[in-house]
Protein chains: 2
Amino acid sequence: MAGRMGAMPFTIVSHVLAIGAAIMVLVWCIHFRGGLAWEATNKSLIFNIHPVLMLIGFIILGGEAIISYKALPLSKEVKKLIHLTLHAFALILGIVGISAAFKYHNESSIANLYSLHSWIGIGVICLYAIQWIFGFAMFFYPGGSAGVRAESLPWHVLFGLFVYILALATAILGFLEKLTFLESSGLAKYGNEAFLVNFTALVTILFGAFVVLTAVSPAHVEEEFSYSSI
Amino acid sequence: MAGRMGAMPFTIVSHVLAIGAAIMVLVWCIHFRGGLAWEATNKSLIFNIHPVLMLIGFIILGGEAIISYKALPLSKEVKKLIHLTLHAFALILGIVGISAAFKYHNESSIANLYSLHSWIGIGVICLYAIQWIFGFAMFFYPGGSAGVRAESLPWHVLFGLFVYILALATAILGFLEKLTFLESSGLAKYGNEAFLVNFTALVTILFGAFVVLTAVSPAHVEEEFSYSSI
């Protein structure tokens, strides 16, 4: 789909952006927001687990899982094992990260599940789990017949990217929602922290864009994709 | 890319979702938020132009422009003219819609361009304009050579969908930002208006997803897409 360009340059940019986004969310939650804790009297520290796990554990690890299948110079069986293992970790860390948000809400008497961020987020984690289970059963164990696998692979890729783009959108909604609440409580709209959070969200979008570009590009430059709508 | 399914069913669902989203944003801005006005002492009425024009004028018209090139049973030249004209109207209405947000901010002494929604939004409208100008020059007038056109078409599709997905993400950020501000000022988190706004955003996401599905599906079921990464 991406013309004659191979996936490799997109892969490298993805890794660099992943490191950048991971550092930025840690600086935000630890330096600006006071750190992370599962049990604390300052309930905000419980909340802080949420952005860190959702970005590093879910979005970045999930993105690396997508990239791994296209980019690693290994046999298909080994790549498949890495792909599904990374996605399993991403899913588990995502579920723990969502639990942290519920725990913070419950211990601070804040209503649960009222915002679009929470609604789409619940939808995304469910679709992600369904996609994982379906992919595992179809392509790993027990595995469909060769014909059914070939038939369903484009749908696996399409639905997987669809869910991943929704996950990215949810993350961006989360950054904006938290920052809007903080700004409504007096945080400076042009202050260092506001810029850091907005730039973390921008780097996250760019990371996701390069993950998707990696996924839709041919693994090697020699491969040609046909394109029939011209 | 979408297996053996033609674009037609996706197209029909897109139109239905477009009508739904358009009605919902009008009900929100007129019934719940008091109506639309370019000049008013109640500055909120100026703001209300923004979501209406950005959703109906920019997102929906832009989506219909994307669909039109795939779905209409007309000659390529006529489809191209409709495609670029609809995109031109979407771009112009988008610019007027953004102006309404600046006008509201300026007349209400609210800072401009501090939120991620505004940053990405400015980026999206610029990319949209660049994409339109490039598409016009390459595919309409004066037009590149056949080889260069064939070479650049997949990039036109890929970049166009990339910008459109960013536009959708920006719209969703906008709904969430406005609703978070309203909720910080006392709007009921589970009230009718909050549900309406969240559901408008959800229908907008679904509309966008079906526009993208239309664009990546073959125009006719007979066409087969090759997929080389299996």
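None of the values given here were measured: they were computed from a predicted structure.

Draft legend 1. Examining the packing of helix α5 (residues 146-184) of chain A against helix α5 (residues 146-184) of chain B more closely. The geometry of α5 of chain A relative to α5 of chain B is characterised by a closest axis approach of 9 Å and an angle of 30 degrees between their N-to-C directions. Relative to α5 of chain B, α5 of chain A is oriented roughly parallel. When the axes of α5 of chain A and α5 of chain B are compared, the crossing they make is right-handed. Here I165, I172, L173, L176, E177, T180, F181 and S184 of chain A of α5 of chain A come into contact with α5 of chain B, specifically with I165, I172, L173, L176, E177, T180, F181 and S184 of chain B. Here the residues of the contact of α5 of chain A with α5 of chain B are counted per class, giving ten nonpolar, four polar and two charged.

Draft legend 2. Representation of empty space enclosed by the protein in the model. For the structure on display, the rule yields two cavities of 30 Å³ or more. The computed volume of the second largest cavity comes to approximately 40 Å³. Lining the second largest cavity are L176, L179, T180, E183 and N198 of chain A together with Y114, S115, L116 and E177 of chain B. Residues belonging to the lining of the second largest cavity are distributed by class as follows: four nonpolar, three polar and two charged.

Draft legend 3. Spotlight on a nonpolar patch on the surface. Together, I19, I23, V27 and F32 of chain A give the surface a local cluster of nonpolar side chains, amounting to about 330 Å² of exposed area. By the secondary structure assignment, V27 of chain A is in helix α1 (residues 8-32).

Draft legend 4. Fine view of the nonpolar core. Counting 111 residues, the largest nonpolar core has F58 and I59 of chain A together with I59 of chain B as the members making the most contacts within it. Sequence-distant contacts of I59 of chain B, defined by excluding residues within four places in its chain, comprise M54, Y164, A167, L168, A171, T204 and F207 of chain B.

Draft legend 5. Spatial organisation of helix α4 (residues 116-140) of chain A. Taking 1.5 Å of rise per residue, the 25 residues of α4 of chain A would be expected to cover 36 Å, and the 34 Å separating its terminal C-alpha atoms lies within 8% of that figure. L116, H117, S118, I120, G121, V124, I125, Y128, Q131, G135, M138 and F139 of chain A are the residues of α4 of chain A that are buried. Buried residues belonging to α4 of chain A abut α2 (44-71), α3 (76-107) and α5 of chain A together with α5 and α6 (192-216) of chain B.

Draft legend 6. Just the packing of α1 of chain A against α2 of chain A, in detail. All names here are of chain A. For the pair α1 and α2, interaxial distance at closest approach is 10 Å and the crossing angle is 170 degrees. With respect to their mutual orientation, α1 and α2 come out roughly antiparallel. On α2, the residues touching T11, S14, H15, A18, A21, A22, V25, L26, W28 and C29 of α1 are N48, P51, V52, L55, I56, I60, E64, I67 and A71. Along the lines of polarity and charge, the residues of the contact of α1 with α2 split into 14 nonpolar, four polar and one charged.

The rules behind each value
Residues numbered from 1 in each chain as written. Chains lettered and ligands numbered in written order. Predicted model: local features only at pLDDT ≥ 70, side-chain atom pairs only at ≥ 80, totals over all residues. Heavy atoms only, no water. Axes fitted to C-alpha atoms, helices over the stretch in contact; angles between N-to-C directions. Helix = DSSP H or I, 4+ residues; strand = E, 2+ residues; numbered from the N terminus. Parallel < 35°, antiparallel > 145°, perpendicular 65-115°, else oblique. Left-handed = near helix turned anticlockwise from the far one by under 90°. Contact = heavy atoms within 4.5 Å. Nonpolar A, V, L, I, M, F, W, Y, C, P; charged D, E, K, R; others polar. 1 Å grid on protein atoms, 1.4 Å probe; cavity = no way out; pocket = protein on both sides within 12 Å on 5 of 7 lines; lining within 4 Å. Points joined across faces, edges and corners; volume = space filled by probe spheres on them. Patch = residues over 30% accessible without salt bridge, like charges linked within 9 Å, V, L, I, M, F, W, Y side chains within 5 Å. Areas by Shrake-Rupley, 256 points an atom, 1.4 Å probe, with all protein chains shown as cover. Salt bridge = Lys/Arg side-chain N within 4 Å of Asp/Glu carboxyl O. Core = buried A, V, L, I, M, F, W, Y, C linked by side-chain atoms within 4.5 Å. Buried < 20%, exposed > 50% of the residue type's maximum accessible area, 1.4 Å probe, protein only. Expected span 1.5 Å × (residues − 1).

Remember that the coordinates give geometry; whether it matters functionally is a separate question.
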